[in-house]
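Remarks on the overall topology
Here is what each chain is made of, one letter per residue.
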Amino acid sequence: MKVVVLTGAGISAESGVPTFRDADGLWEGHRVEDVATPEAFEWQPSVVHAFYDARRAALTGVEPNPAHRALARLEETLGDDLLVVTQNIDDLHERGGSQRVLHMHGELLSALCRGCQRRSPWSGDLADLPPCPRCGVTELRPDVVWFGEIPYEMDRIFAALETCDLFVSIGTSGAVYPAAGFVQAAASYGARTLELNLLPSDGTDFFDEARHGPASELVPEWVDSLLG
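Computed from a predicted structure; not experimentally measured.

In this section: the pairing of strand β7 (residues 166–170). The element β7 is largely enclosed, with a buried count of five among its five residues. Going residue by residue along β7, you find L166, V168 and I170 tucked away on one face and F167 and S169 tucked away on the opposite face as well. Alignment of strand β1 (residues 3–7) against β7, held across five bridges, turns out to be parallel. Bridge assignment links V3 to a residue of β7, and that residue is L166. Crossover connection from β7 via helix α8 (residues 182–188) to parallel strand β8 (residues 192–197): handedness right-handed.

The UniProt feature table records "active site" (unreviewed entry) at H105. When its relative accessible area of 16% is taken as the criterion, H105 is described as buried. Discounting residues that sit within four places of it in the chain, H105 has contacts with T86, Q87, I89, D143, V144, V145 and P151.

Taken in spatial order, the six strands make up an open sheet running β3-β2-β1-β7-β8-β9, and their pairing is parallel. In this open sheet, the two edge strands, each paired with only one partner strand, are β3 (101–103) and β9 (209–212). Each strand axis lies, on average, 15 degrees off the axis of its neighbour in the sheet, ignoring direction. Of the pairings in the sheet, the one linking β8 to β9 comprises four bridges and is parallel in character. Residue pairing in the sheet places L194 in a bridge with E209 of β9.

All right, on to helix α7 (residues 154–163) then. Those residues of α7 not exposed but buried are M154, I157, A160 and L161. An end-on view of α7 places all buried positions within 125 degrees of arc, on one side of the element. Close packing links the buried residues of α7 with β1, β2 (82–86), β3, β7 and α8.

When the parts of a complex come together, some accessible area is lost, and that lost area is often used as the size of the interface. By domain assignment, the chain separates into domain 1 (1–17 + 64–105 + 151–227) and domain 2 (18–61 + 108–144). Measuring from the centre of the C-alpha atoms in domain 1 to the corresponding centre in domain 2 gives 25 Å. Contact residues are listed per partner, giving ten residues for domain 1 and eleven residues for domain 2. Across the domain 1 to domain 2 interface the summed buried area is about 920 Å²; carbon plus sulfur atoms make up 59%. Looking at the side of domain 1 facing domain 2, the largest losses of area belong to V17, I89 and Y152, adding up to 58% of the total buried there. Run the count over domain 1 and domain 2 and you get zero salt bridges. Inspection of the region where domain 1 meets domain 2 yields three residue pairs in polar contact (both at pLDDT 80 or more). When grouped by side-chain class, the residues that make up the side of domain 1 that touches domain 2 number five nonpolar, two polar and three charged.

This paragraph deals with the side chain of T193. In this structure, T193 sits in strand β8. Note on T193: relative accessible area 2%, which makes it buried. There is a polar contact of 2.8 Å between the side chain of T193 and the backbone nitrogen of D208.

About the cut-offs
- Numbering of residues starts from 1 in every chain and runs along the sequence as written.
- Local features are withheld for residues below a pLDDT of 70 in this predicted model, meaning they are given only at 70 or higher, and side-chain atom pairs are given and counted only at 80 or more; totals for whole chains, interfaces and linings count all residues.
- Side-chain measures were taken over the full set of non-hydrogen atoms in the model, leaving aside hydrogen atoms and water.
- When a residue's accessible area, from a 1.4 Å probe over protein chains only, is under 20% of the maximum for its type it is buried; when over 50% it is exposed; and in between it is partly exposed.
- Under the scheme used here, helices are H or I runs from DSSP no shorter than 4 residues and strands are E runs no shorter than 2 residues, and both carry numbers assigned from the N terminus.
- A pair of strands is considered paired only if DSSP assigns at least 2 bridges between the two.
- Viewed with both strands pointing away, a crossover whose connecting path from the first strand over the helix to the second turns clockwise is right-handed.
- UniProt positions are given in the numbering used here, feature names are shortened, and annotations may be inferred rather than shown by experiment.
- Residues count as neighbours in contact if any of their non-hydrogen atoms are within 4.5 Å of one another.
- Helix axes use the C-alpha atoms of the stretch in contact, all axes being lines fitted to C-alpha atoms, and the angles between their N-to-C directions lie in the range 0 to 180 degrees.
- The arc under discussion is defined with respect to the helix axis, by the directions toward the C-beta atoms.
- Segmentation of the chain into domains, including their bounds, is taken from an automatic or database domain assignment.
- What gets called buried area is simply the loss in accessible area from a 1.4 Å probe that two parts show on being joined, summed for both.
- By definition here, a salt bridge exists when the distance from a side-chain nitrogen of Lys or Arg to a carboxyl oxygen of Asp or Glu is within 4 Å.
- In the analysis that follows, any N or O atom pair within 3.5 Å is treated as a polar contact, provided that within protein one partner can donate a hydrogen and the other can accept it, and provided that, for residues neighboring in sequence, both atoms belong to side chains.
- Gly counts as polar in this scheme, as do all residues outside two lists: the nonpolar Ala, Val, Leu, Ile, Met, Phe, Trp, Tyr, Cys and Pro, and the charged Asp, Glu, Lys and Arg.

Dropping the structure here:
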């Protein structure tokens, strides 16, 4: 069986990672336009760097939860037949034991050089404008896909959706595209679809089955049932 799992903010929220966008539309007190667009970085790079530096530092205070660990356990059985596509930029999947993770929106623990266009592992701050470890140019930015930019590895994602037998969405709002359209893409190729979410998402009606509750409870239960 080939399985594609999409994860969103809901799976990391139970580890204490903020879901980023509040009910009032602000992202940790900032407007989206001020911290999550290429234009914001051109206009006020120091503000953008400070925002992501703080989020990067905060990762040291959170740990993977049972949902992350359950997906790692599933990977131990399925191997290359499981692909975890995450909208999250934290490293909790990896720390939970998963190795086959595709970060479609980038990673906090990575920096992107605007000079050479290469990505480098990064755990420190970027606000002090360090040089790129690859080319030496001081053009590093957060390796995060901002609004108006194309998510990473879309061709690989849609190739996986085309061949999977089961598509599972965990902890996502179903409101942000292109990820919100993955369920319909998978279904169009014949895959079964399952939603595991705290509450019904905007796309719940597109799924064959939906189970609602905490990810730390639902995901281990689903993995146990799948592995028999």
